[in-house]
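Close look at the chain arrangement
Spelled out from the first residue to the last, the chains are:
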Number of protein chains: 2
Amino acid sequence: MAKGEEVSNKQVILRDYVTGFPKETDMILTTKTIKLKVPEGSKSVLVKNLYLSCDPYMRSCMTKIEGRNYVPPFTPGSPIIGMGVAKVLDSDHLNFKEGDLVSGFIGWEEYSLITMPEGLSKIKNTDVQLSYYTGLLGIAGLTAYVGFYEFCSPKKGENVFISAASGAVGQLVGQFAKIMGCYVVGSAGSNEKVDLLKNKFGFDAAFNYKEEPDLDAALKRYFPEGIDIYFENVGGKMLDAVLENIRDRGRISVCGMISQYNLEKPEGVHNLFYLITKQVRMEGFLIGGYLHLFPKYFDFIIPLIKEGKIIYIEDTVEGLENAPGALIGLYTGRNVGKQVVVVAHE
Amino acid sequence: MAKGEEVSNKQVILRDYVTGFPKETDMILTTKTIKLKVPEGSKSVLVKNLYLSCDPYMRSCMTKIEGRNYVPPFTPGSPIIGMGVAKVLDSDHLNFKEGDLVSGFIGWEEYSLITMPEGLSKIKNTDVQLSYYTGLLGIAGLTAYVGFYEFCSPKKGENVFISAASGAVGQLVGQFAKIMGCYVVGSAGSNEKVDLLKNKFGFDAAFNYKEEPDLDAALKRYFPEGIDIYFENVGGKMLDAVLENIRDRGRISVCGMISQYNLEKPEGVHNLFYLITKQVRMEGFLIGGYLHLFPKYFDFIIPLIKEGKIIYIEDTVEGLENAPGALIGLYTGRNVGKQVVVVAHE
């Protein structure tokens, strides 16, 4: 594959904005061509995409509702945009050169011409699994780190509950909380995931919320003394149940509400009065404002990975053509661990 | 009235725990007798009650639901307990002597024997209106002070919205926000109150929520650029509308939810997802943990009162027999300003 050659470029395109539950057919697989060379003077880079990250927030980009998007919505007729890992094939930008490995926002396609490469990060530690840069060493990892340490104000011995606990973020929050000496319980949507939480990630306990007709009773069983910290990934009924069981001066870090993303009208949460009687702080955050903490996070996490003190489970599918199914699978909980799509091995 | 004399003691008794909207008939006026002398060695004080405070939180004391009470529930068959101002008639406690004026929790009766007087505060500044110790110089004032300065993190020029804005707490929060140089809008339930907010308390604008079929549209009209700070006194639909209009990094100080207190099941709040996309902090508090700030608050507020820079409106009814109606009136918004009951003039 010579530089400048014109090659075919498979893409996953958003057909149109989506209402309700997204379907695979809302995305179209198409093939275009691309020249493997950046226009001179364009300050662009041309990358070969290796790993794509599937993240719950991407549902919000399939709809355009003022104030409800984590990040700008996708453009119908254009490729889905997401986080990923890529290799630079050609560069007209001083910061990047051929052969560099990068992570950042890329298109769901085989090759992307990136006209504003300032948003890309050069991967310096290449002695860890490269796909980790879509999750453990990417936005999910930083989200777990910031959401837990900055927003939960955790203390040793506290009772921590995490929903969607085997997901890209949850599995890390649980391990961080264990390292800190907390009592940690997670909820997930299958017995396989519950097993992972208990036997792989070292949670003190875990339960399958689909087998619990009464979430309040389930939480009372696992937290007879109540919850100090709730790391919120799901919203809706689980949040109401947590509010019934939160302790005085509890903290709720609101990272996501995946149970609500496909509803026309989000479910009502009825127990907010407990915010007063239990003096609870509930705070939402977007990771975009904390990207400057990546170096600090890397200093923290890379030694832990190398010492085997942090485990990270990825659910990997091969081939761009399987990316739409992988993304949709997040909303039924099909994935076990961080959902990654391999577009090409390096 | 000689010390030691046995006199009649009118009382307002809670008949039984209440479901739904409270009625005057849930309280009974009765007459007992009381000896105007404390038992020797009892470390008690005997007080003559002067002013009673009617506060929204008192509804929660009429029901016994684990975790939903601001303070312990009332005891059926015993007098209602609330904040008030009283005069010491007899004391067996070192800290108090006959003639002292005190504020704190007292019974809804003419005379109270207080067996643990450590909770009472001696009134030192007697050159301000004495009834102010039920509100402006009592729990309501401290609540406004702590709720605004500690929980709203206000900055000059920010956009502040206050619900139940002419109430005991709201009227002060609005004036504090104006002193700080904020743009301040309040909502209330009558045109008379709206007029007070604009013309007496100096709010920039105010509206009657009962005349706004679409609260979201109303907030957009008054806050075309959105709300930075919401001082929450009502809950329910208003909270949902605020979440639609809150700005990035907005703060919601959750002081009360009066619209919800009489509902069997609280209304659902549907817009919590904005906590994430707008990175909002929402925090509830109980003033009981901040009573040590009273001296700091007094240093702040008393000069402002004396300079005429703070205005405080009370809605006063005369006679213990009118106390049940005054309390119930809070939940229909009948009161204009802080609701006070005069049991006796000094």
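Values in this document were obtained by computation on a predicted structure and should not be read as measured data.

**Examining the relation of the copies chain B and chain A**
- Rotating chain B by 180° and translating it 0.0 Å along the rotation axis places it on chain A, where the RMSD comes to 0.0 Å. The two molecules are tied by a two-fold rotation axis, judged by turn and shift. If distances are taken from each C-alpha of chain B to the rotation axis, the shortest is found for glycine 268 of chain B, at 1.9 Å.
- A shared binding surface is used by both copies, with 100% of the interface residues of chain B retained as interface residues in chain A.

**Description of the packing of aromatic side chains**
Residue and element names in this part refer to chain B.
- Tallied over the entire structure, the rule returns 38 aromatic pairs over all chains.
- Centroid distance tyrosine 145 to phenylalanine 300: 5.1 Å. Interplanar angle 40°. Geometry classified as tilted. You can see tyrosine 145 sitting in helix α1 (residues 139–150) and its partner phenylalanine 300 sitting in helix α7 (residues 294–306), a full 155 residues away along the chain.
- With a relative accessible area of 9%, tyrosine 145 lands in the buried category.

**Quick notes on the pairing of strand β3 (residues 45–53) of chain A**
Residue and element names in this part refer to chain A.
- Burial runs high along β3: 8 of the 9 residues are buried.
- Bridge count for β3 against strand β4 (residues 81–91) is 7 bridges, and the pairing is antiparallel. Following the sheet pairing, valine 47 is matched in β4 by valine 88.
- In the sheet, β3 pairs with strand β6 (residues 111–114) via 4 bridges, with the strands oriented antiparallel. Pairing of valine 45 across the sheet is with isoleucine 114, part of β6.
- Two strands pair when backbone bridges link them, and β3 and strand β15 (residues 338–342) are joined in this way by 3 bridges, in the antiparallel orientation. Bridge pairing in β15 links tyrosine 51 to valine 342.

**Side note on the interface of chain B and chain A**
- At the junction of the two partners, chain B supplies 36 residues and chain A supplies 36 residues.
- Between chain B and chain A the total buried area reaches about 3,000 Å² when both faces are included, carbon and sulfur atoms providing 62% of it.
- Taken together, the links from chain B to chain A amount to 12 residue pairs in polar contact (both at pLDDT 80 or more).
- Within the residue set of the side of chain B that touches chain A, elements represented by two or more residues are β12 (246–254), α6 (274–277) and β13 (281–284) of chain B.
- Partitioning the side of chain B that touches chain A into residue classes produces 18 nonpolar, 10 polar and 8 charged.

**Some points on the sheet that holds strand β9 (residues 183–188) of chain B**
- Here we have 12 strands laid out as an open sheet, ordered β10(A)-β9(A)-β8(A)-β11(A)-β12(A)-β13(A)-β13(B)-β12(B)-β11(B)-β8(B)-β9(B)-β10(B), and mixed in their pairing. Edge positions in the sheet fall to β10 (205–208) of chain A together with β10 (205–208) of chain B, since each has one partner strand and no second. Across the sheet, the axes of successive neighbouring strands diverge by a mean angle of 15°, strand direction being ignored.
- Pairing of strand β13 (residues 281–284) of chain A with β13 of chain B involves 3 bridges; the strand directions are antiparallel. Opposite methionine 282 of chain A, over in β13 of chain B, you have methionine 282 of chain B as the bridge partner.
- In the packing of helix α4 (residues 215–222) of chain A onto the sheet, contacts are made with β8 (159–162), β9 (183–188), β10 and β11 (227–232) of chain A, and the angle to β10 of chain A comes to roughly 165°.

**As for the domain arrangement of chain A**
Residues and elements named next belong to chain A.
- According to the domain assignment, chain A contains domain 1 (6–135 + 312–342) and domain 2 (139–288).
- Here domain 1 and domain 2 have C-alpha centroids that lie 29 Å from each other.
- Of the residues lining the interface, 21 residues belong to domain 1; the matching set on domain 2 comes to 22 residues.
- Taking both sides of the interface into account, the surface hidden between domain 1 and domain 2 amounts to around 1,700 Å²; carbon and sulfur atoms contribute 59%.

**Digging into unusual backbone geometry**
- With phi around 50°, alanine 164 of chain A is a residue other than glycine that occupies positive phi space.
- In this fold, alanine 164 of chain A is placed in the loop between β8 and α2 (170–179).
- In the Ramachandran plot, serine 153 of chain B falls in the positive-phi region, its phi being about 40° despite a non-glycine side chain.
- Residue placement: serine 153 of chain B occurs in the loop between α1 and β8 (159–162).

**A short note on the nonpolar core**
- If you look at the biggest cluster of nonpolar residues, it comprises 127 residues, and the most contacted ones within it are Leu272 of chain A together with Leu272 of chain B.
- Beyond its immediate stretch of four places on either side in the chain, leucine 272 of chain B contacts Leu239, Met257, Val269, Leu272 and Met282 of chain A together with Leu243 and Met282 of chain B.

**A few points about the packing of α1 of chain B against helix α2 (residues 170–179) of chain B**
All names here are of chain B.
- For the pair α1 and α2, interaxial distance at closest approach is 9 Å and the crossing angle is 45°. The orientation of α1 relative to α2 falls into the category oblique. Handedness of the crossing formed by α1 with α2: right-handed. Residues Gly141, Ala144, Tyr145, Phe148 and Tyr149 of α1 pack against Leu172, Val173, Phe176 and Ala177 of α2.
- The class makeup of the residues in the contact of α1 with α2 is 8 nonpolar, 1 polar and no charged.

Calculation rules
Residues numbered from 1 in each chain as written. Chains lettered and ligands numbered in written order. Predicted model: local features only at pLDDT ≥ 70, side-chain atom pairs only at ≥ 80, totals over all residues. Heavy atoms only, no water. Least-squares fit on C-alpha atoms with pLDDT ≥ 70 in both. Contact = heavy atoms within 4.5 Å. Phe/Tyr/Trp six-rings, centres within 6.5 Å; stacked < 30°, edge-to-face > 60°. Helix = DSSP H or I, 4+ residues; strand = E, 2+ residues; numbered from the N terminus. Buried < 20%, exposed > 50% of the residue type's maximum accessible area, 1.4 Å probe, protein only. Pairing = 2+ DSSP bridges. Buried area = accessible area lost by both parts, 1.4 Å probe. Polar contact = N/O pair within 3.5 Å; in protein donor to acceptor, adjacent residues only side chain to side chain. Nonpolar A, V, L, I, M, F, W, Y, C, P; charged D, E, K, R; others polar. Axes fitted to C-alpha atoms, helices over the stretch in contact; angles between N-to-C directions. Domains from an automatic or database assignment. Core = buried A, V, L, I, M, F, W, Y, C linked by side-chain atoms within 4.5 Å. Parallel < 35°, antiparallel > 145°, perpendicular 65-115°, else oblique. Left-handed = near helix turned anticlockwise from the far one by under 90°.

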